[in-house]
Amino acid sequence: MIQTVAGNAELCRGFIEKLKERIGENDRKVDGAVAEILENVRKNGDAAVRAYTEKFDGAAPEKTEISREELKALAAQCDPAFLESLEKAAANIRDFHQRQKQQSWLTTQQDGVLMGQRVRGLHRVGIYVPGGTAAYPSSVLMNAIPAKIAEVGEIIMVTPPAKGGKPNPDIMAAALAAGVDRVFLMGGAQAVAALAYGTETVPKVDKIVGPGNIFVATAKKHLYGTVDIDMIAGPSEILILADETAKPAYLAADLMSQAEHDRMASAILITTSEKLAQETVAQLQEQMQRLSRREIIEESLTNFGAVIVCETMEEAVEFANDLAPEHLEVCCANPMEYVGRLDNAGSVFLGNYSPEPLGDYFAGPNHVLPTSGTARFFSPLSVDSFVKKSSFIYYTQPALQAASEDIIRLAETEGLTAHANSIRVRGEE
């Protein structure tokens, strides 16, 4: 079961290193297998993808691509209440991400100088959506809606087929709601390779986004440079900061909401109250018994979970910034006072009534978040993830002449005489 310890700097550093090591060990184990899959798909295209689908998913679909008419028919099989909830979530996600959209701009200066920046969506983007035993329609919304707002030219979705090679209706309904352009039934590293290299049927994309298992994450890592990627995602994480006013039942429920994702997921509570720590552990043991994924939860909490008791909230905040968790909950009497002090987190959830699943499904902010400490320098998926920017410059002859002496001096200082010459010849006219 989850360990309870007294917090100190040495313990915190050791725990962070333990979490990092679990990622490295898995990367090394699958690196070779993924490299072989990528090369096979690069050389043999659809035939290789089909062979891997049969091997890993049990059966390949009769038809890999799902048409628009089939999407509508599959969506019609879904529970109407689920479709209604899906549309509400989509509306919230659109509203949040619409505010992120940037515009191209132009500025004028003296002597007729023009400068600016052009912002436009990528030509084609691939979205990976997990399937199989853990199908996530919410991932479709979180990946496709920002891409649509960014005005990406074409959105290609890949997702593993369900048992028997059939599509998952809930995922197909989400694709329809989010405005995905084309859908292919394929998963794993082979699907990522198909998007990156292109096959006879799957078009080559400029960027691949979306979560997946360790094989998917490793494939994206290998292919970065051939295509752009969103991030290299590891197992899910949650860190909860709590004072004595927090509710143990809520804390336990939220820790398990992440632990159920994966046997390697990390769930940590850090608090200043030993009583709260003990009561939360008791709640974990009680609530776990009635959850369907309790074996996964227990293994995750045992290996990568912790309840840490610190002397002060300042120590807790310092630990949070060092860990840079994917999800960070602040269950304190006044959570807003910590917003400006928590610098490294994928997404922050403030108060007792903002649990992590609210962000996963419904509120609007993106749930594709940096993991494994990368929140120190990565940001959540956003509209910015799907655009590219180009600057442009227009100088008149008098404006260039006025700047020429400075440009030549800088170029010659760097020993780049051809750069200087490019400016000098224009002054000889």
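Let us look at the structure shown here. The structure displayed is predicted, hence computed values, not measured ones. (Residues numbered from 1 in each chain as written. Predicted model: local features only at pLDDT ≥ 70, side-chain atom pairs only at ≥ 80, totals over all residues. Heavy atoms only, no water.)

## So, the nonpolar core
Alright, step 1. Formed by 42 residues in total, the largest nonpolar core has its most connected members in Val-140, Leu-141, Met-157 and Met-172.
Alright, step 2. At the level of secondary structure, the elements contributing two or more residues to this core comprise helix H2 (68-75), helix H3 (80-98), strand S5 (124-128), helix H4 (137-149), strand S6 (154-159), helix H5 (169-178) and strand S7 (182-185).
Alright, step 3. When residues no more than four places from it in sequence are discounted, the contact partners of Met-172 are Ile-66, Leu-71, Leu-74, Met-157, Thr-159, Pro-167, Val-183 and Leu-185.
Alright, step 4. Grouped together as the second largest cluster of nonpolar side chains are 28 residues, Val-41, Val-49, Tyr-52 and Ile-208 included. (Core = buried A, V, L, I, M, F, W, Y, C linked by side-chain atoms within 4.5 Å. Buried < 20%, exposed > 50% of the residue type's maximum accessible area, 1.4 Å probe, protein only. Helix = DSSP H or I, 4+ residues; strand = E, 2+ residues; numbered from the N terminus. Contact = heavy atoms within 4.5 Å.)

## What to know about the packing of aromatic side chains
We describe a pair of aromatic rings using the distance from one ring centre to the other and the angle between the two ring planes.
Alright, step 1. Overall, the coordinates contain 3 aromatic pairs when judged by the stated rule.
Alright, step 2. Taking the centre distance of 5.9 Å and the plane angle of 5° together, the rings of Tyr-52 and Phe-56 count as stacked. Linking Tyr-52 with Phe-56, this pair stays in helix H1 (residues 9-57), spanning 4 residues, or about one helical turn.
Alright, step 3. Among the residues examined, Tyr-52 registers a relative accessible area of 10% and is labelled buried.
Alright, step 4. Both rings, one in Tyr-250 and one in Tyr-353, keep their centres 5.9 Å apart while their planes meet at 70°; by these two values the pair is edge-to-face. (Phe/Tyr/Trp six-rings, centres within 6.5 Å; stacked < 30°, edge-to-face > 60°.)

## Examining the pattern of salt bridges
Side-chain pairs of opposite charge can arise whenever the charged atoms involved come near each other.
Alright, step 1. Under the defined criterion, the tally for this structure stands at 18 salt bridges.
Alright, step 2. With a shortest N-O distance of 2.8 Å, Glu-65 and Arg-182 are connected by a salt bridge. Separated by 117 residues along the polypeptide, Glu-65 in strand S2 (residues 65-66) and Arg-182 in strand S7 bring together distant segments of the chain.
Alright, step 3. The exposure class of Arg-182 is partly exposed, given its relative accessible area of 23%.
Alright, step 4. Between Glu-405 and Arg-409 there is a salt bridge, with the nearest N and O atoms lying 2.8 Å from each other. With a gap of 4 residues between them, Glu-405 and Arg-409 both fall in helix H13 (residues 397-413), about one helical turn apart.
Alright, step 5. Look at Arg-409 and you get partly exposed, because its relative accessible area is 44%. (Salt bridge = Lys/Arg side-chain N within 4 Å of Asp/Glu carboxyl O.)

## Overview of the packing of helix H8 (residues 248-259) against helix H9 (residues 274-288)
Alright, step 1. With their axes 8 Å apart at the nearest point, H8 and H9 run at an angle of 60° to one another. Here H8 is positioned oblique relative to H9, judged by the angle of their axes. Classified by chirality, the crossing of H9 by H8 is right-handed. Between H8, through Pro-248, Ala-249, Leu-251, Ala-252, Ala-253, Leu-255 and Met-256, and H9, the contact on the second element is made entirely by Leu-276, Glu-279, Thr-280, Gln-283, Leu-284, Gln-287 and Met-288.
Alright, step 2. Considered class by class, the residues forming the contact of H8 with H9 number 10 nonpolar, 3 polar and 1 charged. (Axes fitted to C-alpha atoms, helices over the stretch in contact; angles between N-to-C directions. Parallel < 35°, antiparallel > 145°, perpendicular 65-115°, else oblique. Left-handed = near helix turned anticlockwise from the far one by under 90°. Nonpolar A, V, L, I, M, F, W, Y, C, P; charged D, E, K, R; others polar.)

## As for the side chain of Glu-154
Alright, step 1. Residue position: Glu-154 is located in strand S6.
Alright, step 2. Take Glu-154: its relative accessible area is 18%, and that puts it in the buried class.
Alright, step 3. Once residues lying within four places of it in the same chain are set aside, the contact partners of Glu-154 are His-123, Arg-124, Val-125, Asp-181 and Arg-182.

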